[in-house]
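Reading the structure
Each chain, letter by letter, is given below.
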Amino acid sequence: PKLRLRNKVLNIDVEVANNADVGRTAGPYSNLFSKFDQVSSRHCSFQYDLAQGWCVTDLGSTNKTYYNNTVLAPNQSQVIGDGAYLKIANIEFFVSIGPS
């Protein structure tokens, strides 16, 4: 299934690839996140697991990753669900998981 992160205020709509890193200088979306100083150079990563579904892992970022307003522990995978909120540093995203 497709994973999308949306922030309407900042006009960001990203379809996240499996095993993709998100960061200011790392990963396929660095051009998008390069202008956000609060985002770490290598902030978090996304994986799809057949048993659990989509997961996010904070990569020891300076300004943290939040799932539904809960800080994620560094380097521990967190299952994410459709309709949830994910905050990468100070940027909040609506999570949308849909058909491929």
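Above this note sits the structure.
Residues numbered from 1 in each chain as written. Predicted model: local features only at pLDDT ≥ 70, side-chain atom pairs only at ≥ 80, totals over all residues. Heavy atoms only, no water.

What to know about the side chain of Asp21
Mapped onto the secondary structure, Asp21 falls in strand S3 (residues 20-22). A polar contact is formed between the side chain of Asp21 and the side chain of Arg42, at a distance of 3.0 Å. If we skip the residues at most four places from it in the chain, Asp21 touches Ala26, Gly27, Pro28, Tyr29, Arg42, Cys44, Ser45 and Leu59. (Helix = DSSP H or I, 4+ residues; strand = E, 2+ residues; numbered from the N terminus. Polar contact = N/O pair within 3.5 Å; in protein donor to acceptor, adjacent residues only side chain to side chain. Contact = heavy atoms within 4.5 Å.)

As for the sheet that holds S3
Here we have four strands laid out as an open sheet, ordered S3-S4-S5-S8, and antiparallel in their pairing. Because the sheet does not close on itself, it has two edges, and the strands there are S3 and strand S8 (77-79). Neighbouring strand axes in the sheet, compared pairwise and without regard to direction, differ in orientation by 30° on average. For strand S5 (residues 53-58) and S8, the ladder comprises three bridges, and the chain directions are antiparallel. Paired with Val56 across the two strands is Gln78, which belongs to S8. (Pairing = 2+ DSSP bridges. Axes fitted to C-alpha atoms, helices over the stretch in contact; angles between N-to-C directions.)

Notes on the pattern of salt bridges
Counted under the stated rule, the structure contains four salt bridges. Asp13 serves as the salt-bridge partner of Arg4, at 3.0 Å between the closest nitrogen and oxygen. A relative accessible area of 42% places Asp13 in the partly exposed class. Salt bridges sharing common partners tie together Arg4, Arg6, Asp13 and Glu15. (Salt bridge = Lys/Arg side-chain N within 4 Å of Asp/Glu carboxyl O. Buried < 20%, exposed > 50% of the residue type's maximum accessible area, 1.4 Å probe, protein only.)

Observations regarding the side chain of Ser61
Structurally, Ser61 can be placed in the loop between S5 and strand S6 (65-67). Within polar-contact distance, the side chain of Ser61 engages the side chain of His43 at 3.3 Å. From its side chain, Ser61 meets the backbone nitrogen of Lys64 in a polar contact 3.1 Å long. Excluding anything up to four places from it in sequence, Ser61 contacts Ser40 and His43.

Topic: the packing of aromatic side chains
A full pass over the atoms with the stated rule returns four aromatic pairs. Ring centres of Tyr85 and Phe94 lie 5.7 Å apart, and the angle between their planes is 65°; this geometry places the pair in the edge-to-face category. For Tyr85, a relative accessible area of 39% gives the class partly exposed. Connected via pairs of aromatic rings, a cluster forms that spans Phe33, Phe36 and Phe93. Against the face of Tyr66 rests Lys87, its NZ or CZ located 4.9 Å from the ring centre. (Phe/Tyr/Trp six-rings, centres within 6.5 Å; stacked < 30°, edge-to-face > 60°. Lys NZ or Arg CZ within 6 Å of the ring centre and 35° of its normal.)

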